[in-house]
Amino acid sequence: MRCEKCDGKIVGGCCTKCGALQNGNQIKEVEIDKNEDLKLYNKDFDIINQNKNLFLIFIFGPLYFSYRGYLLLGTVLGIVDYLLLYYLMNNVLNIVIFIFGPTLVFILYMLINRLFYVIFSNYICLSIDKYKVKKTKEKNPKNYKSILKKHKHNKYYFILTLVVYFVLITLFVIVRGIKNGLL
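It should be emphasised that the depicted structure is a prediction, and the values quoted were computed from it without experimental measurement.

About the thresholds
Residues numbered from 1 in each chain as written. Predicted model: local features only at pLDDT ≥ 70, side-chain atom pairs only at ≥ 80, totals over all residues. Heavy atoms only, no water. Helix = DSSP H or I, 4+ residues; strand = E, 2+ residues; numbered from the N terminus. Buried < 20%, exposed > 50% of the residue type's maximum accessible area, 1.4 Å probe, protein only. Contact = heavy atoms within 4.5 Å. Phe/Tyr/Trp six-rings, centres within 6.5 Å; stacked < 30°, edge-to-face > 60°. Salt bridge = Lys/Arg side-chain N within 4 Å of Asp/Glu carboxyl O. Polar contact = N/O pair within 3.5 Å; in protein donor to acceptor, adjacent residues only side chain to side chain. pLDDT = per-residue confidence, 0-100.

S.K.: Describe the overall build of the protein chain, listing the residues and the values that go with them.
M.R.: Looking only at helices and strands, the protein chain features nine helices and two strands. The linear arrangement of helices and strands in the protein chain, starting from the amino end, is β-β-α-α-α-α-α-α-α-α-α. Out of the 183 residues belonging to the protein chain, those deemed buried represent 31%. Taking the contacts inside the protein chain whose residues are at least 6 apart along the sequence as the reference set, 57% of them involve residues at least 24 apart.

S.K.: Explain the environment of G19 residue by residue, including any values.
M.R.: By the element assignment, G19 lies in the loop between strand 2 (14-15) and helix 1 (36-41). Using a relative accessible area of 11% as the deciding quantity, one classes G19 as buried. Each C-alpha atom, one on G19 and one on C3, is 9.4 Å from the other, the two residues being 16 residues apart in sequence.

S.K.: How would you sum up unusual backbone geometry? Please name residues and give values.
M.R.: The phi dihedral of N51 is positive, around 55 degrees, even though this residue is not glycine. Within the secondary structure, N51 is located in the loop between helix 2 (45-49) and helix 3 (54-60).

S.K.: Before we move on, can you summarise the packing of aromatic side chains with the specific residues and values?
M.R.: Summed over the entire model, instances satisfying the criterion amount to six aromatic pairs. Arranged with centres 6.3 Å apart and planes meeting at 65 degrees, the rings of Y64 and F65 form a pair that is edge-to-face. Relative accessible area serves as the criterion here: at 1%, F65 is assigned to the buried category. Grouped by ring-pair contacts, the aromatic residues F60, Y64, F65, Y67, F116, Y117 and F120 constitute a single cluster.

S.K.: Tell me what's going on with the pattern of salt bridges, and back it up with residues and numbers.
M.R.: One pass over the structure, following the stated rule, counts six salt bridges. For D81, the salt bridge goes to R114, with nearest N and O atoms at 3.7 Å. In this pair, D81 is assigned in helix 5 (residues 71-92) and R114 in helix 7 (residues 102-139), connecting sequence segments 33 residues apart. Residue classification places D81 among the buried residues on the basis of a relative accessible area of 7%. The class for R114 is buried, based on a relative accessible area of 10%. Between K135 and E138 there is a salt bridge; the shortest N-O distance is 3.5 Å. Of the two residues, K135 and E138 are both situated in helix 7; the distance of three residues between them amounts to about one turn of the helix. Taken together, the shared-partner salt bridges connect E36, D37, K137 and K145 into one network.

S.K.: I'd like a rundown of the side chain of R114, residues and numbers included.
M.R.: Among the polar contacts made by the side chain of R114, one reaches the main-chain carbonyl oxygen of F58 at a distance of 3.2 Å. Other than its neighbours up to four places away in sequence, R114 contacts F58, I59, F60, G61, P62 and D81.

S.K.: Could you give an account of the confidence of the model for the protein chain, naming the residues involved and the relevant values?
M.R.: When pLDDT is averaged along the protein chain, the result is 81, and 87% of the positions lie at 70 or above. Within the protein chain, the element-level pLDDT minimum falls on helix 6 (residues 94-100), averaging 62, and the maximum on helix 3, averaging 89.

S.K.: Now, about the environment of V105: what can you tell me, with residues and values included?
M.R.: Take V105: it is sitting in helix 7. Take V105: its relative accessible area is 6%, and that puts it in the buried class.

Structure representation (C-alpha cells):
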C-alpha cells in the first residue's frame with residue numbers, strides 16, 4: 001500500500017516517509033530537551049544559560065561561585081583575587097602606580113578582573129552542574145530525576161565565604177602589620 005500524500009510505503013498503518021497515518025492524522029517529531037536534567041538540578045538554569053545575571057557576577061566577582069553554591073571554588077578564587085590585587089599593588093605596578101595613582105590602578109584591575117568573571121563564570125557553573133548531573137545519573141540511574149528535583153543551591157555558602165574571606169584578610173593584615181612593626 002502507498003501513501004496518498006507522498007507516495008511512500010505504508011507499514012502498520014503509517015507512512016514511512018512522511019509519517020501520515022491511514023486515518024488522516026500526522027505523526028510529528030517530538031523535540032527532546034537536552035537540558036531537561038540541568039533544569040531540574042539548577043532552578044536558575046535559564047537565567048545562567050542566557051547570561052541574564054551579568055550585573056550580579058560583575059558585583060560579586062569570585063564570590064559569585066559561592067553564591068551559586070560552590071563554597072570551595074568561591075573561597076579559593078576570592079583569596080586568589082585578593083592576593084593578586086595585593087601583589088600587583090605592592091610589587092609589579094610601582095611605576096604605573098607612581099604615574100597614575102593607586103586609585104586608577106585599582107579601578108582598572110577591578111574592571112579587567114570583573115570582566116573576566118562576567119565572561120567565564122556562567123560557563124564554569126554550567127560545566128560543574130553538568131558534571132554533577134552526570135555523576136548523579138551514574139550513581140542512581142533509576143531515580144536520578146527525583147534526586148535532581150530535590151537539589152537546592154545553598155545560598156548560605158555565600159555568607160560563609162564572606163566570613164572566611166574577611167577573616168583571612170584580617171589575619172593577613174595583622175601579620176603584615178606585626179612584620180612591619182606597626183602593631
